[in-house]
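Fold and geometry: a report
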Amino acid sequence: MITADRNSNDDKFRRKAISVKEGQAKILPYARRIETEYVSLPMVEGRILAEDIKAPHPFPHFRRSGMDGFAIISSDTAGCSTETPVYLEVVDEIPCGSLPSVALSPGTAARIMTGAKVPDEADAVVMFEMTEASAGQGKDYIQLKREIKPGSNITPVGLELAEGDLILEKGRRLSAGEISVLATFGIYDVPVAKRPRVAIFSTGSELLGVEEPLQDGRIRNSNTYMLASQIRNAGGEPHILEAIADDLTTARQKVAEAFALYDVVITTGGVSVGDFDIMADLVSGEDVEMLFNKIMMRPGSVTTAAVKDGKLLFALSGNPGACFVGFELFVRPALGTMLGMKSPFLREFQAELGKDYAKINNFTRFVRGRLDFADGRLIANPAALDESSVMVTIKDSDVLIVVPPSNRGLAAGETVTVLQLPGAR
Ligand SMILES: Nc1nc2c(c(=O)[nH]1)N[C@H]1C(S)=C(S)[C@@H](COP(=O)(O)OP(=O)(O)OC[C@H]3O[C@@H](n4cnc5c(N)ncnc54)[C@H](O)[C@@H]3O)O[C@H]1N2
Ligand code: MOO
Ligand SMILES: [Mg+2]
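Residues numbered from 1 in each chain as written. Chains lettered and ligands numbered in written order. Predicted model: local features only at pLDDT ≥ 70, side-chain atom pairs only at ≥ 80, totals over all residues. Heavy atoms only, no water.

1. Brief notes about the sheet that holds strand β18 (residues 288-292)
Let me state the cut-off plainly: Only when DSSP finds a minimum of two bridges between them are two strands counted as paired. Put simply, DSSP H or I for four residues or longer makes a helix, DSSP E for two residues or longer makes a strand, and each gets a number counted from the N terminus. Axis definition: a line fit to C-alpha positions, over the contact stretch in the case of helices; interaxial angles, taken between N-to-C directions, run 0 to 180 degrees. Any two residues whose heavy atoms approach within 4.5 Å are treated as being in contact.
Spatial ordering of the open sheet is given by β16-β13-β17-β21-β20-β18, a layout of six strands whose pairing is mixed. Whereas interior strands pair on both sides, the edge strands pair on one side only; in this sheet they are β16 (237-240) and β18. Each strand of the sheet is rotated relative to its neighbour by a mean of 25 degrees, with strand direction disregarded. As judged from the five bridges shared by strand β20 (residues 304-308) and strand β21 (residues 311-316), these two strands associate in the antiparallel manner. Residue V307 lies in a different strand from β21, and its bridge partner there is L312. Sitting on the sheet, helix α6 (residues 320-338) is in contact with β13 (197-202), β17 (264-268), β18 and β21, with an inclination near 170 degrees to β21.

Written out as structure tokens, the structure reads:
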């Protein structure tokens, strides 16, 4: 027979709700900066840079031709026109990667390719299409029928960056643009923040493994895999641990073991007031400091956080919608802070509410929604189903629409704050 300790913890019922901001402020002091490791350039996608990087040399570091054509001395073309063309003798050929072999003097030109170093004496490059070839006395000439401005088609030294410029600030997430910069400056071993190792425990006797056949009264464990994806996206390294049964003693032991091995521990489920909801008891143990166990938000009002051995424990709700939101509002900023990110919170901006939102709330609601553009306006459309227990609309959402506490709901057209969820949809 299954039994539960029904009187174990009255505190589980007497919870003091705090705001999301207060909750975040309680967590962040424990989100301690993680060490640095060196990762090779092909593997740094999505990692967070751990040190400022300055340009070790200007870029480009030589005057570079922007066209396939001829390097010339522009004053040679003064007064030149269709009627009075100018002839320049071609004295050199400069493929990419080669250096000029002849110093240009007035009346001469060098054939040059896009990306090659322009001879010091030249101050312009004229593209092939603007020239006509001619020959005489065993020499090659080009004919020009137009004046060429100095500087034409030459990229000056340091156009993009000067030596010593700050090119990448620590805390930046590395992606195509940053990786290109690192490669350009010869930085192959990149200092990045180590990924925080995050343990995931699911709880609940109703949970089946993903590959198990369905059984009446039971569901497959989806939160674990959803959380692993969120952790990875937030820069952490997920570690899926064996589910914990709804039994306090084993749960305590398993969580304690996990703290020895991982930087952060997340549990999902068992955090409300049900007979088998053990997390409230677990976070009020002697060696655990509870930071909060109720947030003035929906979904995820029961989101709980605690500290053990200086490390963060997040007890997220079992309801998929609440679990998802709890992660985005509390775990993501904690991981981002550990990684040294400048702005670890979801990006916030304003949009127009696309349709009426009639639900009244005591708590702030974070409603899953989809962002659209219409007539140059940003429209946030709430998902049809946004209950805490609903899983399926998470995949269709790119924002959380912030609906403040209200006894009248919101009307279409009102301005709302939205939090951008990561990953374009
Ligand atoms: N008497 C009250 N009952 C409930 C309250 C309340 O205030 N008083 N709050 C409700 C709200 S709001 C929420 S949210 C849930 C929170 O429940 P728990 O966090 O304790 O989670 P469980 O009870 O373990 O499960 C809830 C729900 O989620 C399903 N679940 C759990 N784990 C997973 C998983 N890994 N993957 C997919 N789905 C999961 C579970 O089967 C339940 O259906 O409490 C309300 N009750
Ligand atoms: O408050 Mo429940 O925790 O999602 O809505
Ligand atoms: Mg419960």
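2. Points about a nonpolar patch on the surface
Definition in use: Nonpolar side chains (Val, Leu, Ile, Met, Phe, Trp, Tyr) within 5 Å and like charges within 9 Å form the patches, drawn only from residues with over 30% relative accessible area and no salt bridge. All accessibility values rest on the Shrake-Rupley procedure with a 1.4 Å probe; residue burial counts only the protein chains present in the view. The working definition used for a salt bridge is a side-chain nitrogen of Lys or Arg within 4 Å of a carboxyl oxygen of Asp or Glu. Note on exposure labels: buried denotes an accessible area under 20% of the residue type's maximum, exposed denotes more than 50%, and partly exposed covers the range between, all computed with a 1.4 Å probe on protein chains only.
On the surface, V210, Y225 and I240 cluster together into a nonpolar patch covering about 280 Å² of accessible area. Residue placement: V210 occurs in the loop between β14 (207-208) and β15 (219-220). For V210, a relative accessible area of 45% translates into the label partly exposed.

3. So, the site of ligand 1
Keep this limit in mind: Nearness is defined per residue: one heavy atom within 4 Å of the molecule or strand is enough. We call two N or O atoms a polar contact when they sit within 3.5 Å, provided that within protein one can donate a hydrogen and the other can accept it, with sequence-adjacent residues counted only if both atoms are side-chain atoms. Note on residue classes: Ala, Val, Leu, Ile, Met, Phe, Trp, Tyr, Cys and Pro are nonpolar, Asp, Glu, Lys and Arg are charged, and everything else, Gly too, is polar.
Residues in close proximity to ligand 1 total 20 residues, the closest being E206, N221, G270, V271 and S272. Within the backbone of V271, one N or O atom sits 2.9 Å away from an oxygen atom of ligand 1. Contact between ligand 1 and S272: an oxygen atom at 2.8 Å from a main-chain N or O atom of the residue. For ligand 1, the protein covers 68% of the area, taking 870 Å² as the surface of the free molecule. For the shell around ligand 1, the residue count by class is five nonpolar, 11 polar and four charged.

4. Things to note about helix α3 (residues 223-233)
Among all positions of α3, only N223, T224, M226, L227, A228, Q230 and I231 are buried. Considering only its buried residues, α3 is in contact with β13, β16, β17, β21 and α6. Just downstream of α3, G235 is the residue with a positive phi angle, here 100 degrees.

5. Details of the packing of α3 against α6
The test is simple: In this scheme, roughly parallel covers angles under 35 degrees and roughly antiparallel covers those over 145, while 65 to 115 is roughly perpendicular and the rest are oblique. If you view the pair so one helix is near and one far, a crossing is left-handed when the near helix is turned anticlockwise from the far one by less than a right angle, and right-handed when it is turned clockwise.
In contact at an axis separation of 10 Å, α3 and α6 are set at 25 degrees when each is read in the N-to-C sense. As the angle between them shows, α3 and α6 are arranged roughly parallel. For the element pair α3 and α6, the recorded crossing hand is right-handed. Along the contact surface, α3 presents N223, M226, L227, Q230, I231 and N233, while α6 presents P320, C323, F324, F327, E328, R332 and L335. Partitioned by chemical class, the residues of the contact of α3 with α6 number eight nonpolar, three polar and two charged.

6. Quick notes on the UniProt feature "domain: MoaB/Mog" (unreviewed entry) in the chain
Selection rule: UniProt positions are given in the numbering used here, feature names are shortened, and annotations may be inferred rather than shown by experiment.
When the UniProt feature table is mapped onto this chain, "domain: MoaB/Mog" (unreviewed entry) is found at residues 199-337. Each end of residues 199-337 is marked by a C-alpha atom, and these two atoms are 18 Å apart; helix forms 34% of the span and strand 25%.

7. Notes on the coordination of the magnesium ion (ligand 3)
What counts, and what does not: A donor here means an N, O or S atom no more than 2.8 Å from the metal, or no more than 3.2 Å when the metal is Na, K or Ca. Since water is not included, a site may seem to lack partners.
Distances from the magnesium ion (ligand 3) to its protein donors, namely D277 (OD) and D277 (OD), fall within the range 2.4 to 2.6 Å. As for its placement among the helices and strands, D277 is situated in the loop between β17 and α5 (279-282).

8. Observations concerning the sheet that holds strand β7 (residues 124-127)
The six strands are arranged β7-β4-β6-β5-β9-β8 in an open sheet whose pairing can be described as mixed. On the outer flanks of this sheet lie β7 and β8 (131-136), each paired with one strand and no other. Averaged over neighbouring strand pairs, the angle between their axes works out to 40 degrees when direction is ignored. As paired elements, β8 and strand β9 (residues 139-144) share six bridges and run antiparallel to each other. Residue pairing in the sheet places S134 in a bridge with Y141 of β9.

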